[in-house]
Amino acid sequence: MTATLDRPVKDKTFKGVSPRRKFANGFATVLVSLSVLVALVPLIWVLYTVISRGISAVVAPEWWTNSQAGLTQFTAGGGAYHAIVGTLMQGLFCALISIPIGIFVAIYLVEYGVGTRLAKVTTFMVDILTGVPSIVAALFIYTLWIATFGFDRSGIAVALALVLLMIPVIVRSSEEMLRIVPQDLREASYALGVPKWKTIAKIVVPTALSGIVTGIMLALARVMGETAPVLILVGSATAINFNLFEGPQTSLPLMMVDLQKAGTGALTSERMWGAALTLILIIALLNIGAKLVSKFFAPKNF
């Protein structure tokens, strides 16, 4: 006879998973896995194509140290140093303006402007700018910077157009990252007497830093590959130009467009794919560096 203490207090309520639910779970798992594979196919295909066709140009030492000055599409040699310099200068100057503005706007929307009319107007304008085509931003800067103020076409005009494209992406991504920071962290900091601005600087932003950096790098990757601004706002050149405020300054996207217009010869095709691979490598290196920086400044878990 079973002792009273050995008997269960109550019958088990969990009767096991039904075959129908097991089938639904397995079907959903297969569907999600297939979706991932379908998404990876074009990505891997693009990477393979760019690497296989551009690696021969990129591995040459002169590709990173020489320009295309004095060379034609039928002359071997030269490199993309002039386009690399232009891409980095335009992109980094754009980031120098866009990153602080975008992060401060996101902080205002999440921490200070909740429910205010200014915040609603700002959110509406950010949504509009997010969908603005790059050629519209380029035409606006051309009208304002060149046609109205009378400045020449230059790399600075390209950077200003890229600012219009980069700021809304940073604002949107940073805003979402700041919103997912638990409110308990803020309240705990306030309870200890820490001012709001210091709570944001020491608690909120470092907690969301990894996501903010990811959004910044996505925005930077987008603007560095834009073609319309460089076609309209700066002239192409085969020589190196370190002056962002004067003279033609070629970037990697503009170099690819010029090579595509030049013809379909073997040397032209090799340089064009090499420029595309170089742009991918630069963006990858910037992403790796940004991840290391965000990991270094992120809060430590003990």
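Our subject in this report is the structure included herewith. (Residues numbered from 1 in each chain as written. Predicted model: local features only at pLDDT ≥ 70, side-chain atom pairs only at ≥ 80, totals over all residues. Heavy atoms only, no water.)

1. A short note on the nonpolar core
Where we set the bar: To qualify as a nonpolar core, a set must consist of buried Ala, Val, Leu, Ile, Met, Phe, Trp, Tyr and Cys residues joined through side-chain atoms within 4.5 Å. Burial here depends on accessible area, computed with a 1.4 Å probe over protein chains only, as a share of the maximum for the residue type. Under 20% is buried, over 50% is exposed, and the range in between is partly exposed. Elements are defined by DSSP. Helices are runs of H or I of four residues or more, strands are runs of E of two residues or more, and each kind is numbered from the N terminus. Any two residues having at least one pair of non-hydrogen atoms within 4.5 Å are treated as being in contact.
Among the nonpolar cores identified, the biggest contains 62 residues, and Met166, Leu178, Leu220, Val223, Leu233, Leu252 and Met255 are the most heavily contacted of them. Examining the composition of this core, we find that 12 residues originate from one element, helix H5 (residues 155-179), more than from any other. Residues within four places of Val223 in sequence aside, it is in contact with Cys94, Leu162, Leu165 and Met166.

2. Quick notes on helix H3 (residues 117-130)
Each full turn of the α-helix corresponds to 3.6 residues, which orients residues three or four apart in the same direction. We apply this condition: Multiplying 1.5 Å by the residue count of a helix minus one yields the expected span of that helix. Arc, as used here, means the arc of the directions from the helix axis to the C-beta atoms.
Relative to the 20 Å expected for 14 residues at 1.5 Å per residue, H3 spans 20 Å between its end C-alpha atoms, a close match to the ideal helical length. When H3 is considered as a whole, its buried residues turn out to be Ala119, Thr122 and Val126. All buried residues of H3 project into a common sector of 60 degrees when viewed along the axis, lining one side. Those residues of H3 that are exposed and aimed more than 90 degrees away from the buried face are Arg117, Lys120 and Phe124.

3. Observations concerning the pattern of salt bridges
Let me state the cut-off plainly: The salt bridge criterion pairs a side-chain nitrogen of Lys or Arg with a carboxyl oxygen of Asp or Glu, the two atoms within 4 Å.
Here the structure, examined in full by the defined rule, presents 5 salt bridges. Where Asp127 meets Arg172, a salt bridge forms, and the shortest distance between an N and an O atom there is 2.7 Å. With Asp127 in helix H3 and Arg172 in helix H5, the pair connects residues that are 45 residues apart, well separated along the chain. On the basis of relative accessible area, Asp127 is assigned to the partly exposed category, the value being 39%. The partner of Glu175 in a salt bridge is Arg179, and the shortest N-O contact between them spans 2.7 Å. Highlighted residues: Glu175 and Arg179, both in helix H5, separated by 4 residues, approximately one helical turn. The partly exposed category is assigned to Arg179, whose relative accessible area is 44%. Among the charged side chains, a network of salt bridges with common partners joins Asp127, Arg172, Glu175 and Arg179.

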